[in-house]
Structures are given as C-alpha cells and as structure tokens.
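# Descriptive analysis of the structure
One letter stands for each residue in the lines below.
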Amino acid sequence: EDDFQFILCEGCRQESPNLKLLTCLHTLCLGCLTKNEPLGQCPVCCTAIPQANGIPDMDNLLFTNLQARLKIYKQMVDGVGLFCDNCRTAGEFWCSECFEFLCTKCFEAHQRYLRWESHRARRVTDIRAGAAKDFLEGIRRAGNLYCSNPAHKSQPVSIYCQRCEKALCCSCALLDNQHAPFRDIRSETQRRQEELSSMERELRRRRSGFEATYASLQGEAARLEEAQREMRELIRQRVEQLVRLIRREEEELVGLVEARQEQGRRELARELRHVEGVLRRMEAGERLVEKMSLYATEQEVMDMQPFIKASLQELQRLQVPVAGNQAEPFAECRARLQAL
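Residues numbered from 1 in each chain as written. Predicted model: local features only at pLDDT ≥ 70, side-chain atom pairs only at ≥ 80, totals over all residues. Heavy atoms only, no water.

This brings us to the overall build of the chain. Across its full length, the chain holds 10 helices and eight strands. Burial statistics for the chain: of 340 residues in total, 39% are counted as buried. Restricting the contact set of the chain to residue pairs at least 6 apart, pairs at least 24 apart contribute 60%. Accessible surface for the chain amounts to roughly 19100 Å². Of this, 48% is attributable to carbon and sulfur atoms. (Helix = DSSP H or I, 4+ residues; strand = E, 2+ residues; numbered from the N terminus. Buried < 20%, exposed > 50% of the residue type's maximum accessible area, 1.4 Å probe, protein only. Contact = heavy atoms within 4.5 Å. Areas by Shrake-Rupley, 256 points an atom, 1.4 Å probe, with all protein chains shown as cover.)

And the structure:
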C-alpha cells in the first residue's frame, strides 16, 4: 500500500472518487476543497485557484482510475465478491478489456467471440499471485483510445488529427475532409509523454535554484532571530546603567526592536511561503509526470497532458528570487542607543 499513497487526497489522505487536479498540480478531493480556508487557494502551497467557487474543473483521471483498478485487484486478492458478471456464478477469469469477471463457461464464449478483438482474459488465481504493479501494467497495455466524436464513442482509434488536436476513428478521418494532416495516435501519445518528461527534467534542473533560495531564506530568518536576541540583551545591559528617568527610552527601544523583528519576520515568512509553495508545485509536477509515465493509459495522457503542460510551463516561467537583500533591521535602534 505504501507504493500507492500518491493516489490519495493530499488534504485528508483518504481515497475519493472526486479528485480534482489544481493548476499547482496538487490533488485534492471535493470535500477538502469545499471546506478549504481560505477559499480560492491550494491548502498545500497557497497557490490561487482560478475558479471563483474554489473548485477546479480538471479531474485527476489518473488517480481516480488507479483507485478503481486497485479496488478490483484487492477484490481478487481478498477473494470476496468474485462472481461472473454474466451469470453470477463463481468468477474464475477477468478480462482487462471488458473489466468483467467470467466463469469458465462464459470465458470460453468470450474467447470464442472476442479473440480477434485483443481481449485479454486471465485466471483470477494468476492475477492474485502477481503484484499490483503487474496487474496495472496489464490494464495499461490493454487500454484503448476511443474516438472523440460522440457518435463513434465505441470505435477504437489509431489516428490523430493535428488540426483539431483530437483522436479519430477511421470513419471520421475518411469521411470528414476537415481533418488533416494526420499522425499515428501511438506516436502522438508518445510525443506528449516525452514532452512532459522533458519538461519534468527541466523542472528538476530549475528546482535546485529554488531550494538554494529556500535554504538561504531559512538561514536569514535564523540570523534575524539571533540578531534580535543579541540586540535585546545589549539594550538591557546599557539601560541598566542609566537612571530611572530614562527607563522610558528603554521601553521605546525594546518596542522598536520588536517592531523591526516582526516586520522582517513577516517579509521573510512571505518569501518562504512563496518559495515553499513553488517547491511543492514542482514536487507535485515531478510526481505526477512520473506516475503518468508509469501508470497512465493513452486516454488519460490525451485528456490530461494539455492541462499538465500548461501548469508546467507556468512553473518554468517563474524566476528564482534572490535571497540576502534584507537591509540591516536594527540600524535606527543602534543609532538611538549610541546617542543615549
């Protein structure tokens, strides 16, 4: 189960049939998005959610479908509810194309009528003996793309129209002269996956700059805290030498230090949150592209790749902020203390 924790909601860490993919590439369920505070931003990295109601339009098809497939695998492993979907007798086979359990009799009919349509039915005992990754890989190999034309939804496709950027069946490609030029759908799927992988590699390269800035900002925050402690101690040592009449000056100086420290802390905290949010978006992008390459069917790649690509391009346009530009926070305090 540790291998598939990534398919859970990143808010409540629970399975959900309604997983949404945010532009920051984090995945949250509708429940977490509905009660999210503040509304309109990712609770993981604080990136704004473009939709006014705080609910993204993009479903995480990969994670949702993986949950459904793993439930079937768990059903086989547990041996619970294994009934033929046709006659409700004991199911001994499972077809990765039909997504149905079959008894021996129905399996024989299935093989006889569908053997030319690449349906892969395997024994439940064989699937149970294998790992979950092997089961998912078998489904991935068996998965087909279907025509984007609603009238031909059951038609498998092997053609990609570069003009309308859609998958087509042979009927659409031959009868509609608006579609051209064409490309093999396998090549297009591979090109999209390679494009995402290339962007992910570039993201890894750029990530080091953000990590360095994040570490530098953390060090700067620690130095700010140390400077605040040292200044307060120095103020106390000096003021204790003075008479009671200048106690008010001590209080003003301490208050000034607190105000400068709070101002500097807020500025650094804001920068840290920004850089941390970008890093989390990059981690989410790397993880999602990796899981797409491992588990996504071609349908999922076709549906999700443009959305993920746009989010990765937005990340690529971000500039690494320069750390270490904070002015000396206690200069005014030092000057007043010297005068005192």
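For the rest of this paragraph, the subject is the UniProt feature "domain: RING-type" (unreviewed entry) in the chain. Annotation from UniProt places "domain: RING-type" (unreviewed entry) at residues 9–45. The span residues 9–45 is 14% helix and 16% strand, and its two end C-alpha atoms sit 14 Å from each other. (UniProt positions renumbered as here; feature names shortened; annotations may be inferred.)

Counting residues in hydrophobic clusters, the biggest one holds 58 residues, and the most contacted among them are Leu-62, Met-76, Phe-135, Met-292, Ile-308 and Leu-312. Here this core takes 11 residues from helix H8 (residues 247–295), the largest share from any one element. In contact with Leu-312, other than residues within four places in its own chain, are Leu-25, Leu-196, Met-199, Leu-203, Gly-285 and Val-289. With nine residues, the next largest nonpolar core counts Ile-235, Leu-253, Phe-330 and Cys-333 among its residues. (Core = buried A, V, L, I, M, F, W, Y, C linked by side-chain atoms within 4.5 Å.)

Here we take up the sheet that holds strand E4 (residues 100–102). Here three strands make up an open sheet; going across it, the order is E4-E3-E5 and the pairing antiparallel. Edge positions in the sheet fall to E4 and strand E5 (121–123), since each has one partner strand and no second. Here the strands of the sheet are splayed against their neighbours by 30 degrees on average, with no regard to which way each runs. In the sheet, strand E3 (residues 93–95) pairs with E5 via three bridges, with the strands oriented antiparallel. Its bridge partner being in E5, Cys-95 is matched across the sheet by Ala-121. (Pairing = 2+ DSSP bridges. Axes fitted to C-alpha atoms, helices over the stretch in contact; angles between N-to-C directions.)

We now examine the confidence of the model for the chain. Per-residue pLDDT for the chain has a mean of 82; in total, 86% of the residues score no lower than 70. For the chain, the element scoring lowest by mean pLDDT is helix H6 (residues 170–175), at 66; strand E1 (residues 19–21) scores highest, at 93. (pLDDT = per-residue confidence, 0-100.)

All told, the structure shown has 21 salt bridges when counted by the stated rule. Taken together, the salt bridges that share partners define one network made up of Arg-207, Glu-211, Glu-283 and Glu-286. (Salt bridge = Lys/Arg side-chain N within 4 Å of Asp/Glu carboxyl O.)

Each aromatic ring pair is summarised here by two numbers: the centre-to-centre distance and the angle between the ring planes. Counted under the stated rule, the structure contains six aromatic pairs. The interplanar angle of 40 degrees and the centroid separation of 6.0 Å between the aromatic rings of Phe-4 and Phe-6 together place this pair among those described as tilted. The residues Phe-4 and Phe-6 share a single accessibility class, namely buried. Seen in terms of ring centroids, Phe-93 and Phe-107 are 3.8 Å apart; in terms of plane orientation they differ by 5 degrees. Their pairing is stacked. Note that Phe-93 is positioned in strand E3 and Phe-107 in helix H3 (residues 104–114), a separation of 14 residues in sequence. According to the relative accessible area criterion, Phe-93 is buried, its value standing at 5%. If you follow Lys-291 out to its NZ or CZ, it ends over the ring of Phe-6, 4.5 Å from the centre. (Phe/Tyr/Trp six-rings, centres within 6.5 Å; stacked < 30°, edge-to-face > 60°. Lys NZ or Arg CZ within 6 Å of the ring centre and 35° of its normal.)

A word on unusual backbone geometry. Most peptide bonds take the trans form, and the phi angle of most residues other than glycine is negative. The phi angle at Cys-46 is positive, at roughly 65 degrees, despite the residue not being glycine. The topology assignment puts Cys-46 in the loop between helix H1 (30–34) and helix H2 (61–78). The class of Cys-46 is partly exposed, set by a relative accessible area of 41%. Positive phi, normally seen in glycine, also occurs at Arg-88, with a value near 65 degrees.

Glancing now at the state of the cysteines. Applying the stated criterion across every chain, the model contains zero disulfides. Of all cysteine sulfurs in the structure, the one in Cys-9 sits closest to Cys-12, which takes part in no disulfide; the separation is 3.7 Å. This cysteine, Cys-24, is not joined by any disulfide, and Cys-45 carries the nearest cysteine sulfur, 3.6 Å off. (Disulfide = S-S within 2.5 Å.)

Once that is clear, we can look at the packing of H2 against helix H9 (residues 298–317). Running from N to C, H2 and H9 cross one another at 150 degrees; their axes reach a closest spacing of 10 Å. Comparing their axes, H9 and H2 come out roughly antiparallel. Listed contacts from H9 to Leu-61, Leu-62, Asn-65 and Arg-69 of H2 are Glu-300, Asp-303 and Met-304. Broken down by class, the residue content of the contact of H2 with H9 amounts to three nonpolar, one polar and three charged. (Parallel < 35°, antiparallel > 145°, perpendicular 65-115°, else oblique. Nonpolar A, V, L, I, M, F, W, Y, C, P; charged D, E, K, R; others polar.)

Before going further, it helps to spend a moment on the packing of helix H7 (residues 185–239) against H8. It is the contact of H7 with H8, at a shortest axis distance of 8 Å, that shows an interaxial angle of 165 degrees. Taken together, the axis directions place H7 and H8 in an arrangement best described as roughly antiparallel. For the element pair H7 and H8, the recorded crossing hand is left-handed. Of the residues contributing to the contact of H7 with H8, the split by class is 21 nonpolar, eight polar and 16 charged. (Left-handed = near helix turned anticlockwise from the far one by under 90°.)

Positionally, Val-289 belongs in helix H8. Residues Val-289 and Leu-25 lie 264 residues apart in sequence; the distance between their C-alpha atoms is 9.9 Å. Setting aside chain neighbours within four positions, we find Val-289 in contact with Gln-193, Leu-196, Ser-197, Glu-200, Ile-308 and Leu-312.

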